[in-house]
Structure formats: C-alpha cells, structure tokens
Amino acid sequence: MRPELSELPSAQDLADQILYHLTHTQGRGPEFATVFDWRLAVSYTIRDLIVTPWMAGHRASRDGKLKRVYYLSMEFLIGRILGDAIVNLGLDQQMDAALAQLGLDKTDILEDEPDAALGNGGLGRLAACFMESLASLGVPAFGYGIRYEHGLFRQRFEGGQQVETPEDWLNQPHPWEFTRIDYSYTIGFKGHVENVDGHSVWHPGESVIARAYDTPVIGWQGKWANTLRLWGAQPTNLFDLHRFNAGDYAAAAEPEALARTLSRVLYPDDTTDQGKELRLKQEYFLTSAALQDIIRRFTAEHGEDLALLPDKVAIQLNDTHPAIAGPELIRLLMDEHGLSFDQALDIARRTLNYTNHTLLPEALERWSTWLMGDVLPRHLQIIQMIDEAHRAATHRPPHTGIIEHDEVRMGELAFIMAGHVNGVSALHTDLVRSTVFADLHKLHPERILNQTNGVTPRRWLRLANPPLSRLLDHTIGAGWTGDLDQLEGLEAHAEDAGFLAALRGAKRQNKVVLANGLLSDLGIKPDPEALFDVQVKRMHEYKRQLLNILETIALWHRIHESPNGDWTPRLKIFGGKAAPGYWTAKTVIHLINDVARKINDDPVTSKFLKIAYPPNYNVSMAERLIPAADLSEQISTAGKEASGTGNMKFTMNGALTIGTLDGANVEIREMVGAENFFLFGLTAAEAAAEKARPGHARAAIEKSENMKVALQLIAEGRFGRPEQYFALLDRTWNDDPFLVASDFESYFACQRRIDATYRNHRDWDRMTALNIARSGYFSSDRTIRGYMADIWKVGPATP
Ligand code: 26Q
C-alpha cells in the first residue's frame, strides 16, 4: 500500500515520467514547452504517486468500517501544493536531480503554481494545517469546503493605498483536482413549508446543484492521503432554451450565472451588510452538500440505522460559519429519514462539535429571523424547536437563547448543538468560558474544552526552511519532521559555539535570499546583518500594526536626534491585507507606506532603519518571510487574539518574539522560558480595566514623549498630506479602543532591550536555539491528537 523507501522512484524514473506527461498529458515536446507545461508535467508525475496511497486509504476506511472525521470550513488556505507534496513523499533529492537532468530550475517550476487562497487568514490556514496533520497521522478524514472560483483578492498599492483586484487561480488547468460528476446534490433555498399529515414538507423556491471536486492531501512519508472535497455550484437548468431561441442570449444564461454566483467568490473577512444573503446561502450550500454526502457514505457503509451515526462520524465546525449544520442534520434525519425530532436532536448533538475562533463581538455571526425565514424557512422552524427544547431542558436564565431580539445567534446555536465546544489557546478558552458563553458554560460545564492551535512542521519548517532543516537533520537526525518534540534534542547544543554559528549561518542564508527578493521587487536594499523585524498578518486594529509603525516613527525621530549614536540596524517588514470595507485598517496601510517612502530615502537614518511592505501577503510569501525573520511581532491587545498561528511558525524557525500576553503567546512564553521571550504590555484583565477608564488614551499619550512625537510628526504632514490621517489621529487621541497609547512606552522600551540583545550574538543565538528546541508543542500533530482523544474519539487507521 505504501511505497516503501526501496520502491520510491529514482531521479531517472521521475525524469522519464515528467517527459511522458509533458508529451502525453500536456501535448508538448520539450523544445516547445513553457514553464507552465513543465510544471503541469511535474505535478502529474507527483500526483500519480499520491493516487495509490489515496485509494488504498479509502478502501481501508471503507472495509474496516472506520470512524471518520469531517472538517467543515468555509475557508481552506492551502497555498501551493506541488512543493509540499514532493516533501511529504520524501522525493526532494530525487526531484532536484531529475529537474537538473532536464535542465529545469526548481524554483521557477514551484513558483509557477498559483496559491490556492481559499481563505482569509488564520482560520483558513489552520484548516489547511489540520488537513495535513490528519493525513500525516493516518486518520480517515474529509475536509469539506467551497471551490471558490476567485480566492482572496489580490492586493496592490497605488500611492501607498490598498487596491483590490480579483484573484483567478482557476483561470488555468488545476492539476490537483478530480471532478466527481457523480457526487452531486441538490441544495434548496427559499419557498415554503407545508404541513402534510403532521409532517413538514419543505418546497424550496430555488435550487442549485453542488458538485464535488476532490483534492488529495498527502501526509508525511506518503503513508496516507485524505480528501479535501470542495463544492462547486452548478445550475439545475443549464439555460433557458426558449429565451435563447428567441435571441435573448443574456437572459437565457441568467439561471446559470445566478447559480454559479454561490461558489464565485470568497467573502473577505468583513462586517459590512452587503451581500449578507449570499453569505448565508454559501454557508448553507457547503453545509447541506457536506451532510448529504456524509449520510450517503454512512448508509452505504453501515446501513439505514442512523442512530449509529455518532459512532462512525465526527463532524467539526470551523467557527459558526457552517453552524446551520445543526438544523440541517435534524432536517435530513426527520424530513428525509423519518426520525422523530428528539431522536434527530440527540444524534446531531453527539455528532457535531464546534470550534470558536473569536471573541470580537462584531465577528459573532447573527442573522435576522426575517432573512433566515426567507432563505431557509424550514430551518428557522427547526431552530425554534431546538431553542425551545433547550429552554425546557435547562431552565436557563432569560436572554440566553438562540433567538434573541429577532436574531438567530449562530454561536449559541453551534454551542447548543455541539457535543464539545473548544477554544484555540488556553487563555482564549478561559475567556470563552467567562465571557461570550458564560451562561451556557454554567449550564454545560463539561462542554467547553481547550485545544491549543498548532502548525504543520512539514510545510512551515521542512519545506519553507531548507537551510535550518539540513542543520536540524545533521544535529538531531531527521525524525523531528514527523515528531516535532524531538527538537528537544537541540537543548544540548544551545551552548555549543559551533552549532550556534551554523544556526546563525542558516538564518543568514534565508535573510540574503529575502534581501535579494526585496531589492528586485521593491528596490529596497537591506543589510543582511540588520535585525529583520517582521509583522505579517491580516490588517486589523486589534493586531496593532499602528503600534508598530508609531514606534518606527518615534525611533526614526530619536535617530535624527543623535545620528552618530550606536543604533542597531533594523529592517521593519510588514505584510497583510485589509478587508475592502475596513477604513481604519486601510488607513494604517497607507500610513505605513507613506512612512516607508520617507524613511527609506532618508540619508541620515537609512543605514539604521528601513521599512519594507511587499504587497499581496499570502501563504507563499509567508514561506519566504518567516524563515528570514529575527524578530516576530505578536503585539495584539491582550484578550483579543484567540490564538495566532504565525507566532508558532516564527518560533520554530528561530525568530524571537516581542509579544503581549495574548492568545498562544502565553503558552509560547511558558514553553520557551520567560527569559527567551520579549514581553511587554498590559494583561487581558488590565486591558479591560484600562479601557473602562475615561480618557485613558489622552492620559497615556500625555505621559509618553515618544508617542506624542510620533503623532505630532504625522499631524505636521511629515509623511504625506496630514488630512488623510486626521480621523485616525483623532481616534487615537480620543478613543483608542485597542490601547495603542497605554502599551506604547512598554513596547518602545522592550524594543530597545531587543536592540541591545541582538548585538550580543552569543545571547541572541542561544535564545534562538532554545526557542526552536522548545517549539515542538506547536506542531498541529499535537493539536490533532488532542481533538482525536478528547472530542472525536477516533484513532488512526494505521496504528
Ligand atoms: C463572518 C461573517 C461574514 C463574513 C465573514 C466572516 C468571517 C470570516 C473569517 C469571520 C471571521 C473570519 C476569520 C477568523 C479568523 O481567522 N480567526 C483566527 O483564527 C485563528 C485560528 O484559530 C486564530 O489563530 C486567530 O487568533 C483568529 O483571529
């Protein structure tokens, strides 16, 4: 079943297969082939090697009647597939040799692949890491998502401002997917509910077809592969032949266009009202298709007794986006399979689980009962029944229900329908218990669990950081890739000058590659000896990119005051997109770019301080930036970042963290040791108290010369027309909801400690080594094992 090492193809085998696919699949001779042709030929060659374990896994799961995990997510931020597949099959060296033999440049080939950007940020990337770990651990699992034709928008800067353009990854053949025209389900919307002999019959007013597109996800060492099944929307009627024949071609194509809208674009993470109905339809489209598929597979394997569903199926809801799964599963069990409401409710609750990823009130999904009743009338009825059953069973306090103030609260719905609810870091889970779900937690004290996030070391270390991976292999053996706790073996080398020099050398290699890229892409020429200080993540006020850029301005000012001072050279790197409708986040982007333009050209300071903000931050850019970072900025207002996962990637790649006690930073600091982590700022409890103090912002700014100067320089127009920043400045002085001012001095002072530490190579390198050595806990393999034991009650297919 598994290609044993001896059976792995040789470089010659690979080269032969690549030439075969170039000729027979791409239909091109080598002398005419483009990079694209070659990339597809290489991809098909690798894909062939995945198909065998993939099918074997399906057979083993079916024949063994194994319990499966189903991960439902509106987002899967996969990134590029080819490089990851080569690494997981253990074919890097053979492939390098094969490509060399064919005269091809590996980087050109890999970078020709568009990123699969079917997600916004952390939540979507977590889903992708989980899929990889599930496969690496040999757990039978499916990911279910939407096959968006257009992933997350592309970002450009015009005059320093973000401009969004559509992303079009599917505007070319996609070699990794298999279309399953036989797995299609009808998804209904709207219409009315009829009562026939005491049974409810929903007559949808509209419907579309969900068609399955499968992508194999190969695990480490190619032992197991699972399926990422993405649904594409198809019209039930292709087009209106009458209208077509009457010459009205546009109108004839309307039904098709309307249906396809459902899987046309990924929603940017925003809170605007526009398109609310489409978002609800997308959520139901994914969920209904997934549940119909799950029940079809269950009955095919285990027969018609759906009471056994919880023994064979564990469904995880990635946030509330697929939370309509509760009512939909009840509907399918009652209306289509004839179970009673009580039976259906019990089965659904023992099958579904829900992960919460945010406490921000504006990100908690709510739908007006009017919209829910219009789009999903039968589901609104069932939601009312669930709510009533819960009220009757728990004697809960008033205002804790699913439906309150004519809104359906999806968090409450997901909670009440879930066997387990989990937060994504220890601190976040505590806050889930004590804030958003405090009342429900009292009623169901066993339900909320913690599962601290993790990231896959295959993509984020072995693939992204070859120099460090080679050093690790050499120092502690290659076992760390599948068992990240083995990094502990580095502790013994943390005082070894030879090892530390090699570690520094590996980091330097990555920094040189990045510096060359920044020069060619942005015209910025950083000194590889400078401290590479990186903040990459979605642009959000709570993540406080504003704090970082204000500190940069204050530092620039200080350097001007003593230009002959002994400053530690720094390159500040920013990366990230703002939701198109998020004005404040977009203003911060503009400010960073304005400040960069001014500072980078400053002859007095530019040898000490530069700023790079490469546009269109995505998974592939993260793979280049993170391994080259010396310092990781994790500076959110305490209590706001549920976990963070970028923070973990930086730690395992040997960047030190400047951070608040927020999300998983708390656990990172505990693991690496307080002395190896640069802590600043208020705690979550202090931040909440500070926010409640009237005039907190102004008071804090008055006390901070550095912050006052930074704001003053912006207001004076030193970086661009100041009117553009008046509203932002006003918000900072008078409101400052994310406490930039309150944490400013602590942050500034911490950065100066970092300047000093960075100059002492021995200290810095030792701290780096200890960060890597103690990062094993942050492998998503550990996270998935936690879900398996505590929530899903599943084991691996290959023990
Ligand atoms: C909701 C309704 C309508 C349209 C969009 C949305 C929407 C989309 C995406 C709401 C939220 C999101 C994304 C949330 C997210 O990425 N959360 C992050 O999840 C990570 C994985 O757990 C954590 O590490 C981060 O701390 C958390 O911010």
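Our structure's up above, just so we're on the same page.
These numbers come from a predicted model, not from an experiment.

Undergrad: Could you clarify how one ought to interpret the overall build of the chain in this entry?
TA: Regarding its fold elements, the chain presents 33 helices and 24 strands. Its C-alpha atoms give the chain a radius of gyration of 27 Å, within 12% of the compact-globule value 28 Å for 799 residues. Taking as baseline every contact in the chain between residues at least 6 positions apart, the subset at least 24 positions apart corresponds to 77%.

Undergrad: Just to check I follow, could you spell out the site of the ligand for this structure?
TA: Near the ligand, the surroundings consist of 18 residues, among which Leu123, His357, Asn453, Glu641 and Gly644 are the closest. Within the backbone of Gly644, one N or O atom sits 2.8 Å away from an oxygen atom of the ligand. Contact with the protein chains covers 89% of the free accessible surface of the ligand, which is 610 Å². No other element matches helix H6 (residues 122-136), which puts three residues into the shell around the ligand. Tallied by class, residues from the shell around the ligand come to five nonpolar, seven polar and six charged.

Undergrad: Help me out: how do you make sense of empty space enclosed by the protein in this one?
TA: A water-sized probe, rolled over the atoms, reveals where empty space remains. For the structure shown, the criterion picks out seven cavities of 30 Å³ or more. What the largest cavity holds in volume is close to 260 Å³. Lining the largest cavity are 22 residues, and of these Ile78, Ile81, Thr215, Pro216 and Val217 lie nearest its centre. Mapped by element, the contributors of at least two residues to the lining of the largest cavity are helix H3 (82-88), strand E3 (116-118), H6, strand E10 (206-218) and strand E11 (225-235). Considering only residue class, the lining of the largest cavity consists of 15 nonpolar, two polar and five charged. Of the pockets and cavities examined, the second largest cavity occupies roughly 160 Å³. Of all elements in the fold, only helix H22 (545-561), helix H23 (583-600) and helix H30 (723-734) reach the threshold of two or more residues within the lining of the second largest cavity. The class makeup of the residues in the lining of the second largest cavity is eight nonpolar, four polar and four charged.

Undergrad: What should I look at first to understand a nonpolar patch on the surface in this one?
TA: A cluster of nonpolar side chains, Leu241, Phe244 and Tyr249, forms an exposed patch at the surface whose accessible area comes to about 320 Å². One can find Phe244 in helix H7 (residues 241-245).

Undergrad: I tried to follow helix H31 (residues 740-759) on my own but got confused; where do I start?
TA: Side chains of residues three or four places apart in an α-helix project in the same direction, reflecting 3.6 residues per turn. End to end, H31 covers 28 Å across 20 residues, agreeing with the expected 28 Å (1.5 Å per residue, within 8%). The largest bend in H31 is about 25 degrees, located at Ser746. Of all 20 residues in H31, 14 are buried; the element is thus mostly enclosed.

Undergrad: Explanation requested: the nonpolar core in the structure shown.
TA: Most often, soluble globular proteins have nonpolar side chains that are buried together. Within the largest apolar cluster, 181 residues are counted, with the highest numbers of intra-cluster contacts made by Ile46, Trp231, Ile330, Met372, Ile386 and Trp792. With ten residues, the single largest contributor to this core is helix H10 (residues 276-302). Contact partners of Trp792, with chain neighbours within four places excluded, come to Lys67, Val69, Leu134, Ala314, Gln316, Asn353, Ile784 and Tyr787. Within the second largest apolar cluster, 56 residues are counted, among which are Ile549, Ala585, Met707 and Cys750.

Undergrad: Hey, could you run me through the packing of H23 against H30 in this one?
TA: Geometrically, a packed helix pair is captured by the angle between its two axes and the distance between the axes. Where H23 contacts H30, the two axes come as close as 10 Å, and the packing angle between them is 115 degrees. Put simply, H23 runs roughly perpendicular to H30. Here the hand of the crossing between H23 and H30 comes out left-handed. In contact with Trp583, Thr584, Thr587, Val588, His590, Leu591 and Asp594 of H23, H30 contributes Gln724, Tyr725, Ala727, Leu728 and Arg731.

Undergrad: Is there a simple way to think about the packing of aromatic side chains in this case?
TA: Any aromatic ring pair is given by two values, namely how distant the centres are and how the planes are angled relative to each other. Counted by the stated rule, this structure contains 21 aromatic pairs. Consider the rings of Tyr144 and Trp231, whose centres lie 5.9 Å apart with planes at 15 degrees: the pair is stacked. Of this pair, Tyr144 sits in strand E4 (residues 141-146) while Trp231 sits in strand E11, and the two are 87 residues apart along the sequence. Here the two residues Tyr144 and Trp231 agree in accessibility, since each one is buried. Ring centres of Phe680 and Tyr747 lie 5.0 Å apart, and the angle between their planes is 50 degrees; this geometry places the pair in the tilted category. Of this pair, Phe680 sits in the loop between strand E24 (678-679) and helix H27 (684-692) while Tyr747 is found in helix H31, placing the two residues 67 residues apart along the sequence.

Undergrad: Just to check I follow, could you spell out the sheet that holds strand E14 (residues 366-368) for this structure?
TA: Pairing between the strands of a sheet comes from backbone hydrogen bonds, and it takes one of two forms, parallel or antiparallel. The strand order across the open sheet formed by three strands is E14-E16-E15, and the pairing between neighbours is antiparallel. Here the strands that pair on one side only, and so sit at the sheet edges, are E14 and strand E15 (403-404). With three bridges joining them, E14 and strand E16 (residues 407-409) adopt antiparallel strand pairing. Directly across from Ser368, in E16, lies its bridge partner Glu407.

What counts and how
- Throughout this description, residue numbers start from 1 for each chain and increase along the sequence as written.
- Owing to the predicted nature of the model, reporting of local features is limited to residues with pLDDT of at least 70; listing and counting of side-chain atom pairs is limited to 80 or more, with chain, interface and lining totals taken over all residues.
- Side-chain metrics rest on all non-hydrogen atoms present in the structure, leaving aside hydrogens and water.
- For the purposes of this entry, the term helix denotes a DSSP run of H or I that reaches at least four residues, the term strand denotes a run of E that reaches at least two, and both are numbered from the N terminus.
- The globule rule used here is 2.2 Å times the number of residues to the 0.38 power, and the radius of gyration it is set against is calculated over C-alpha atoms.
- The criterion used for residue contact is that any of the two residues' heavy atoms lie within 4.5 Å.
- Here, proximity means that at least one heavy atom of the residue falls within 4 Å of the molecule or strand.
- Distance and chemistry together define a polar contact, namely a pair of N or O atoms within 3.5 Å, with one atom able to donate a hydrogen and the other to accept it when in protein, and with adjacent residues in sequence counting only for side-chain atoms on both sides.
- The Shrake-Rupley method, run with a 1.4 Å probe sphere, supplies the accessible areas, and residue values consider only the shown protein chains as cover.
- Residue polarity follows a fixed list, in which Ala, Val, Leu, Ile, Met, Phe, Trp, Tyr, Cys and Pro are nonpolar, Asp, Glu, Lys and Arg are charged, and the others, Gly among them, are polar.
- Only protein atoms enter the calculation, which uses a 1 Å grid: trapped sets of points that fit a 1.4 Å probe without letting it out are cavities, open sets showing protein on both sides within 12 Å along at least five of seven lines are pockets, and any residue with an atom within 4 Å of a point is a lining residue.
- Grid points are joined across faces, edges and corners, and a volume is the space filled by probe spheres set on the points.
- Like charges within 9 Å and nonpolar side chains (Val, Leu, Ile, Met, Phe, Trp, Tyr) within 5 Å are joined into patches, using only residues over 30% in relative accessible area that form no salt bridge.
- Only one rule defines a salt bridge in this text: a Lys or Arg side-chain nitrogen within 4 Å of an Asp or Glu carboxyl oxygen.
- An expected span of 1.5 Å times one less than the residue number is assigned to each helix.
- Note on bend: at a given residue it equals the angle between the axes fitted to the 7 residues ending there and to the 7 starting there.
- Relative accessibility under 20% of the residue-type maximum defines a buried residue, over 50% an exposed one, and the middle range a partly exposed one, all with a 1.4 Å probe and only protein chains included.
- Grouping buried Ala, Val, Leu, Ile, Met, Phe, Trp, Tyr and Cys residues that are joined through side-chain atoms within 4.5 Å yields what is termed a nonpolar core.
- Think of each axis as a best-fit line through the C-alpha atoms, taken over the contacting stretch in the case of a helix, with angles from 0 to 180 degrees between the N-to-C directions.
- For classification, angles of less than 35 degrees are called roughly parallel, those exceeding 145 degrees roughly antiparallel, those between 65 and 115 degrees roughly perpendicular, and all remaining angles oblique.
- By definition, any crossing whose near helix is turned counterclockwise from its far helix by less than a right angle is left-handed, and any crossing with a clockwise turn is right-handed.
- Stacked, tilted and edge-to-face pairs are distinguished by plane angle, under 30 degrees for stacked and over 60 for edge-to-face with tilted covering the rest, among Phe, Tyr and Trp rings (Trp via its six-membered ring) whose centres lie within 6.5 Å.
- Note on pairing: two strands pair once DSSP finds at least 2 bridges between them.

None of the figures reported here should be taken as evidence of function without further support.
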